[in-house]
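Spelled out, the chains give:
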Amino acid sequence: MTVATAYVEDVLLVDRCLTGEPAATRELFRRHRGRVHACLFRVLGSNRDMDDLLQEAFIQVFQSLRGWRAEASLATWIDRVSVRVAYRYLSQKHRRIVTEPLTDDEAIPSTDAPGARRQLARDGVKRLYAVLDELGAASRLAFTLHEIDGRPLADVAELVGSSVTATKLRVWRARKKVEQAAAADPILSEFLEPGLMQKESA
Amino acid sequence: MKLVGKVPVEPLEEERLTNIERNLVVHVSEMAQRPAARAPSRMLAFAAVAFAVLVAGFIGWKLRGADVVPATEPERIALMQGKLDLGDADIASSPNANATIERTPGRVVIVMKIGRLDLHVEHKPGRLFVVRAGDVEIEDVGTRFSVDYDGKNVDVRVTEGEVKVKRNGTVVAIKANEAWTLELGKTTIAVLAERAASHATSPQTTAQTTTQTTATNENVVAIAPTANANAGSGSGTTTHKGGATNARKAILGRTPQAPAIDLGGKPSVKSYIDYANEPGRTLDEKAWALYGSALLQHKTKHDKEALYTLSGLLRPDRKVNAYKPALWLQVRIRCLQAMDDKCREAASLYLQKFVSGPEAGIAQQILSEISQ
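Quick word on the overall build of chain B
Thought 1: On a plain count of helices and strands, chain B comes out with twelve helices and 13 strands.
Thought 2: Relative to its full complement of 372 residues, chain B shows a buried share of 40%.
Thought 3: Element-wise, carbon and sulfur atoms account for 56% of the exposed surface of chain B, whose accessible area totals about 20200 Å².

Here's what the structure looks like:
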């Protein structure tokens, strides 16, 4: 499917959604739920509010669908809405995610056991998001979208509505924080070490 | 630090996703049934006025007691037939010329009402030399050039040096042997001479040009008598800024609008969408379906929806056959609503893409009407 064809498909689908056609609503949700969920998950980490957030993001999408002026692809536009929902969630302090503290038993797992690396990776993710909980909403968004979701800095800047320079600075500051935390935490340090997951999957 | 792929996304259970989907379907159908919320325009207007008053008050307070430096009163010269020597500029005008010159030490502005001016202007750093003809502004950069203005059309020809032609926020540099007209934009003097010669040999065009002083714009010539006939009928058809006049409505209504594809039976927006969604449809077929949908929405007085549908077709990177009629439909909808900036934008966009045909003539006429 060419870009132009995909674009026309999007326009047609949006037209159908605007008439309130249930099949179109379902189709749009099914087409984009994966990317929206992945985006929210990478920004916020494992979260018990994920269902509500996913629903909230799509409600925002459908409410402002008439405002999609086709200057960007529908997917990019939906990403922007998702990022806004994540930002709003992070900005509300009382609902801020707090990573559960690790118990003594799982503090330093042995790397010799077969499932140990998987456990280490899980703990690494927890510890990483615990550090990210200490960051401001804008820095966290920039860092997670760039470093974890793998989006180029220019795309991240556009998504968060900021300049590339400011985005780069936020990513750099967040990275410094994570590196500082890793220096004092061997599990996080091990998790951040490149190649860990590859070894684990092998 | 390489974290891409290291944070696996935990999948959501199918049941939870189904719940979300169900909630969304209910929410969206309710939303579609609800009338669109009206913008709080009165509140906004009130807030804007209050803000303006505050700003004006603040500026007044800041400027209180400040010495007011009187601006140099510009010298005004009425320019009729003949020659005028301004010291650093020679201006020759045609018998029918009517223009006014406003001159201050740093600025000469010639406002043309009609006629032709031949100018030879010396370049003087720090001095602005501008000729205004309608909404077109010609800024001299040290040169010999002529401006022909018949009240609607502008024809600029440069024989030496360079001028800058400014219109609707765009600036075009015109150098020696180049020309600029409202119809063609930047071109060459040779092309204009060729066109003038071909017009002179065409009896049909010669007959039509009796209503116009410039023969360079056949589209406007073809349309203008109709508009004038309507305007002169005395049935409240006076054209004025801001309102959709009967004359304009009549002209826009008479312009052929490309028909939508025939799907058999009574067309509906849904039938066009279904048609477009049929497997194997080409991009062009889908685009025509979108156009048909927009045309139907316009005919059923759903202009907002029609403009929305058109926005899907009118991207600059679109290369579909329905692009031209879609662009014109946008002009038609916008300009029937009001002769405002949106109408002007739509007409300008059309003229940028298509310079010939009756639609281009009307678009040009609309732009002239707005600029008056």
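Now, onward.
Thoughts on the packing of aromatic side chains
Thought 1: This structure, assessed with the given rule, holds three aromatic pairs over all chains.
Thought 2: An angle of 75° between the planes, with centres 4.8 Å apart, marks the rings of Phe29 of chain A and Phe58 of chain A as edge-to-face. Of this pair, Phe29 of chain A sits in helix α2 (residues 22-44) while Phe58 of chain A sits in helix α3 (residues 50-63), and the two are 29 residues apart along the sequence. Judged on exposure class, the residue Phe29 of chain A and its partner Phe58 of chain A are both buried.
Thought 3: For the ring pair Trp288 of chain B and Tyr291 of chain B, a centre distance of 5.5 Å and an interplane angle of 85° mean the geometry is edge-to-face. In this pair, Trp288 of chain B and Tyr291 of chain B are both assigned in helix α8 (residues 283-299), three residues apart and thus about one turn of the helix distant.
Thought 4: Over the face of the ring belonging to Phe191 of chain A we find Lys6 of chain B, whose NZ or CZ atom lies 5.3 Å from the ring centre.

Structural notes on the side chain of Asp155 of chain B
Thought 1: Structurally, the position occupied by Asp155 of chain B is in strand β9 (residues 154-160).
Thought 2: Of note is the side chain of Asp155 of chain B, whose polar atom sits 2.9 Å from the side chain of Arg157 of chain B.

A word on the pattern of salt bridges
Residue and element names in this part refer to chain A.
Thought 1: Per the stated rule, a full pass over the model turns up 30 salt bridges over all chains.
Thought 2: For Arg35, the salt bridge identified is with Asp79, shortest N-O distance 2.5 Å. With Arg35 in helix α2 and Asp79 in helix α4 (residues 74-91), this residue pair connects regions lying 44 residues apart in the sequence.
Thought 3: For Arg35, a relative accessible area of 33% translates into the label partly exposed.

Notes on the pairing of strand β12 (residues 178-181) of chain B
Residue and element names in this part refer to chain B.
Thought 1: Across three bridges, β9 lies against β12 in antiparallel orientation. Residue Arg157 lies in a different strand from β12, and its bridge partner there is Ala179.
Thought 2: As defined by bridge partners, β12 adjoins strand β13 (residues 185-188) across four bridges and the pair is classed as antiparallel. Residue Ala179 lies in a different strand from β13, and its bridge partner there is Thr187.
Thought 3: Hairpin connection from β12 to β13: three residues lie between these consecutive antiparallel strands.

Remarks on the interface of chain A and chain B
Thought 1: On the chain B side, the residues contacting the 55 residues of chain A number 37 residues.
Thought 2: Remark: the boundary between chain A and chain B carries five salt bridges.
Thought 3: The salt bridge involving Asp51 of chain A is made with Arg16 of chain B; its shortest N-O contact spans 2.7 Å.
Thought 4: There are eight residue pairs in polar contact (both at pLDDT 80 or more) connecting chain A and chain B.
Thought 5: Elements supplying a minimum of two residues to the side of chain A that touches chain B: α1 (3-18), α2, α3, α5 (116-132), α6 (137-148), α8 (164-183), α9 (186-192) and α10 (196-201) of chain A.
Thought 6: For the side of chain A that touches chain B, the element with the highest residue contribution is α1 of chain A, accounting for twelve residues.
Thought 7: A class-by-class count of the residues in the side of chain A that touches chain B yields 31 nonpolar, nine polar and 15 charged.

Some words on helix α7 (residues 269-277) of chain B
Thought 1: Residues of α7 of chain B that are buried include every one of Tyr272, Ile273, Tyr275 and Ala276 of chain B, and no others. Projected down its long axis, α7 of chain B shows its buried positions confined to an angular sector of 160°, all on one face.

Considerations on the environment of Thr104 of chain B
Residues and elements named next belong to chain B.
Thought 1: Mapping Thr104 onto the fold places it in strand β4 (residues 98-104).
Thought 2: Of the residues examined, Thr104 reaches a relative accessible area of 22% and is grouped as partly exposed.
Thought 3: Sequence separation between Thr104 and Arg127 is 23 residues, and the spatial gap between their C-alpha atoms is 9.3 Å.

Focus on the nonpolar core
Thought 1: Ranked by internal contacts, the top residues of the largest apolar core, which has 103 residues, are Leu28, Phe62, Leu65 and Leu128 of chain A together with Ile366 of chain B.
Thought 2: Among residues more than four places away in sequence, those in contact with Phe62 of chain A are Cys17, Thr25 and Leu28 of chain A together with Leu24, Val28 and Met31 of chain B.
Thought 3: Among the nonpolar cores identified, the runner-up in size contains 30 residues, and Ala99, Val121, Val136 and Val156 of chain B belong to it.

Looking at the pairing of β4 of chain B
Residues and elements named next belong to chain B.
Thought 1: Relative to β4, strand β1 (residues 75-79) runs antiparallel, the two being bridged by five bridges. If you follow Arg76 over to β4, its bridge partner there is Glu102.
Thought 2: Two strands pair when backbone bridges link them, and β4 and strand β5 (residues 107-121) are joined in this way by seven bridges, in the antiparallel orientation. Its bridge partner lying in β5, Ile101 is registered against Ile110.
Thought 3: The hairpin formed by β4 and β5 contains two residues between the paired strands.

Some points on the state of the cysteines
Residue and element names in this part refer to chain B.
Thought 1: On inspection of all chains with the given rule, the structure shows one disulfide over all chains.
Thought 2: Two residues, Cys335 and Cys343, share a disulfide whose sulfurs are 2.2 Å apart. On the S-S bond that ties Cys335 to Cys343, the torsion sits near 95°, and the link is right-handed.
Thought 3: Cys343 gets classed as buried once you look at its relative accessible area, which sits at 0%.

Observations regarding a nonpolar patch on the surface
Residues and elements named next belong to chain B.
Thought 1: On the surface, Phe51, Val55, Phe58, Ile59 and Trp61 cluster together into a nonpolar patch covering about 530 Å² of accessible area.
Thought 2: When you line up the elements, Phe51 lands in helix α2 (residues 41-63).
Thought 3: Relative accessible area serves as the criterion here: at 57%, Phe51 is assigned to the exposed category.

Quick look at α6 of chain A
Along an α-helix, a turn takes 3.6 residues, which lines up residues three or four apart on a common side.
Residue and element names in this part refer to chain A.
Thought 1: For α6, with twelve residues, the first-to-last C-alpha span of 15 Å sits near the 16 Å given by 1.5 Å per residue.
Thought 2: A large share of α6 lies buried, amounting to ten of its twelve residues.
Thought 3: When α6 is considered as a whole, its buried residues turn out to be Ala137, Ser139, Arg140, Leu141, Ala142, Phe143, Thr144, Leu145, Glu147 and Ile148.
Thought 4: Once α6 ends, the next one or two residues include Gly150, with phi positive near 75°.

Cut-offs used in this document
Residues numbered from 1 in each chain as written. Chains lettered and ligands numbered in written order. Predicted model: local features only at pLDDT ≥ 70, side-chain atom pairs only at ≥ 80, totals over all residues. Heavy atoms only, no water. Helix = DSSP H or I, 4+ residues; strand = E, 2+ residues; numbered from the N terminus. Buried < 20%, exposed > 50% of the residue type's maximum accessible area, 1.4 Å probe, protein only. Areas by Shrake-Rupley, 256 points an atom, 1.4 Å probe, with all protein chains shown as cover. Phe/Tyr/Trp six-rings, centres within 6.5 Å; stacked < 30°, edge-to-face > 60°. Lys NZ or Arg CZ within 6 Å of the ring centre and 35° of its normal. Polar contact = N/O pair within 3.5 Å; in protein donor to acceptor, adjacent residues only side chain to side chain. Salt bridge = Lys/Arg side-chain N within 4 Å of Asp/Glu carboxyl O. Pairing = 2+ DSSP bridges. Contact = heavy atoms within 4.5 Å. Nonpolar A, V, L, I, M, F, W, Y, C, P; charged D, E, K, R; others polar. Arc of directions from axis to C-beta. Core = buried A, V, L, I, M, F, W, Y, C linked by side-chain atoms within 4.5 Å. Disulfide = S-S within 2.5 Å. Patch = residues over 30% accessible without salt bridge, like charges linked within 9 Å, V, L, I, M, F, W, Y side chains within 5 Å. Expected span 1.5 Å × (residues − 1).

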